[in-house]
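Take a look at the letters that make up each chain.
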Amino acid sequence: MQNVPLLFGAICSQYSGRVRSYLIKKGVQYVERVPTIWTYKRTIARRFGDAAVPVLVMPDGEWIADSTIILDRMEARHAQQSVLPPDPVHALFAMLCDAWGGEFWLPADEWTRWSHPEHYPWWREELGEGLFAGFPKAIKNTLADKVADSIRALLPKAGFTAEAAPLIARWTKRQADALDAHFAQHAYLSGARASRADFGLIVPFFGHIVQDAVSRNDILMPRPHLHAWVWRMNQPYLTPEAPSFPAVGTPLPTTLQPVIRSVFDEFLPYVDATLAELRKAEPKPVRGKRVERFLGEVSFPYADGILRRLAMPYALWMVQRALELIASMPAADAERARSWVKDSGGARLLELDIPRLEVSGLTVKFA
Ligand SMILES: N[C@@H](CCC(=O)N[C@@H](CS)C(=O)NCC(=O)O)C(=O)O
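Residues numbered from 1 in each chain as written. Predicted model: local features only at pLDDT ≥ 70, side-chain atom pairs only at ≥ 80, totals over all residues. Heavy atoms only, no water.

**Student:** Help me understand the site of the ligand in this model?
**Tutor:** Around the ligand there are 14 residues in total, and Ser13, Val53, Asp66, Ser67 and Arg293 lie nearest to it. Expressed as a share of its isolated accessible area of 510 Å², the protein-covered part of the ligand is 80%. The element contributing the most residues to the shell around the ligand is helix α1 (residues 14-26), with three residues. Each residue belonging to the shell around the ligand can be placed in one class, and the counts come to eight nonpolar, three polar and three charged. (Near = heavy atom within 4 Å. Areas by Shrake-Rupley, 256 points an atom, 1.4 Å probe, with all protein chains shown as cover. Helix = DSSP H or I, 4+ residues; strand = E, 2+ residues; numbered from the N terminus. Nonpolar A, V, L, I, M, F, W, Y, C, P; charged D, E, K, R; others polar.)

**Student:** What exactly am I supposed to notice about the pairing of strand β5 (residues 297-302) here?
**Tutor:** Two faces make up the sheet, and in a regular strand the side chains alternate between them. By the bridge criterion, six bridges tie β5 to strand β6 (residues 305-310) in an arrangement that is antiparallel. Bridge assignment links Phe300 to a residue of β6, and that residue is Leu307. What sits between the antiparallel neighbours β5 and β6 is a turn of two residues, in which Ala303 has the positive phi angle 50 degrees. (Pairing = 2+ DSSP bridges.)

**Student:** Which parts of the structure should I look at to understand the pattern of salt bridges?
**Tutor:** Pairing of side chains with opposite charge becomes possible as their charged atoms draw close. With the rule as written, the count across this model stands at 29 salt bridges. Close ionic contact of Arg124 with Asp145 constitutes a salt bridge, the shortest N to O distance being 3.1 Å. With Arg124 in helix α6 (residues 120-131) and Asp145 in helix α7 (residues 137-154), this residue pair connects regions lying 21 residues apart in the sequence. The partner of Arg279 in a salt bridge is Asp353, with the nearest N and O atoms 3.9 Å apart. Here Asp353 lies in the loop between α15 (347-351) and β7 (357-360) and Arg279 lies in helix α12 (residues 257-281), a separation of 74 residues in the sequence. Accessibility expressed as a relative area gives 34% for Arg279, which makes it partly exposed. Its relative accessible area of 55% is what places Asp353 among the exposed residues. Look at the salt bridges and you will find they share partners, linking Arg18, Asp72, Asp98, Arg196 and Arg321 into a network. (Salt bridge = Lys/Arg side-chain N within 4 Å of Asp/Glu carboxyl O. Buried < 20%, exposed > 50% of the residue type's maximum accessible area, 1.4 Å probe, protein only.)

**Student:** Just checking my understanding: could you explain the domain arrangement of the protein for this structure?
**Tutor:** In many reports, interface size means the accessible area that the parts give up when they come together. Once the domains are mapped, the protein shows domain 1 (6-77) and domain 2 (122-158). One C-alpha centre belongs to domain 1, the other to domain 2, and the line joining them spans 20 Å. When domain 1 packs against domain 2, close to 670 Å² is buried across both sides, 76% of that on carbon and sulfur atoms. Three residues stand out in domain 1 for area buried against domain 2, namely Cys12, Val34 and Ile37, and they jointly supply 70% of the buried area on that side. Remark: the boundary between domain 1 and domain 2 carries zero salt bridges. Considered class by class, the residues forming the side of domain 1 that touches domain 2 number seven nonpolar, one polar and no charged. (Domains from an automatic or database assignment. Buried area = accessible area lost by both parts, 1.4 Å probe.)

Structure (C-alpha cells):
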C-alpha cells in the first residue's frame, strides 16, 4: 500500500486535470498512473458501476471516483486553505463556473481533440502503454484504437458534429478571448488564489486544449495570459501559504462578465432543457434508480447560433450543488447571492426544481 494518494488518471483525460491541479495547489503529495485495463474495467467498474478515471486511492484504502467528489473528500480532509472563497457571491460563482467549465465546455474540447488526426498518436501512446501494459506493441495499438472508436461514437451525443464545428470554433475563441483579457489582470478567476471556478475551467484546458498541437497553436499561443494560467494551474503557489481570496464584499472582477453571460445566457438554458428531459424520461423519480447518462436532444443558445446535443443529467447534479450552497448560507449571505443571480439575468436558476440527485461512476441516480 502506498503512503500517499494514488491518482488513477491520464494526461489526456480532462477530469484527471481537475484533480491533478487541485492536489498540486493544495500541496498534497500524490503519485499518478494510468490504470491497467484490469483495474479500469474490473476494479473501478465493479466499485462504482462504470469504468472511468479519475479515481483516487487513499493510503487508508478508500477509493474515490469522480473528480468533483474527489475534491469534496479532499477538502474535508484538508480544510485549511479552502478552495471556496469566503464571499457568498464569489463562492456561488465558483460553484457555477465549476459546473460550466466541467460540463459546458465538452463540445469545445472534444472538437479540438478529435477533429485533427495529428492529435491521435500521443493519445494512443499514453493510453496504449498504460491500459495495456505488458502486451506486444501491435496489440496495444489495436486495443487503444478500439477505445478511441468507443469515444468517437459518443462525440455527436455531446454536440460535436462536423456541421457544428464552425459554431463550436467561434464559441471557443470568443470564450478564450474573454478569458485571456481576464487573466491579463488576475492570476486566477477570483483573484490571487485558485478556487473551484478554476478547477472547473481547467477541465477542458489541461487534458485537451493545451496538449494538442492544433488547439495549443490556434487557441492558446495567441492568448498568452490564458496559456500562462493553464500552466500556473499545474504549479504549486510560490509561497508556502496559498494567497488570500478577495475580502468579503469585494465585487467579482468586471473581466468575468463574459463568463457570467455564458453561464446565465447559454449554460442555464442548457440546464433548464436538461431538467425538462429528465422529467420526461423519469416522471416519477425512484430513490436509488440510475438515470441514463444521455437523455433526449436539447438545443440552446451558443455564441451566435444554436447548439444541439443530448442532455447529460450530470450537469443538473453540479447545479444542484450550487443551489444547495445558497440554501446552506446564513440568510444575509443567501440574499446577496440570490440578488447577484437576479441582477445578472439568471433568475430562472433560483426556480429550478431539480429532483435530489447523487453521482455514481459516470452517471447520476436519484438520491
Ligand atoms: N464526471 C466524471 C467524468 C469522468 C470522465 O468522463 N472520465 C473520462 C476520461 S476524462 C472517462 O473515463 N470516460 C470513460 C467513458 O466515457 O466511458 C468526473 O468528473 O470524474
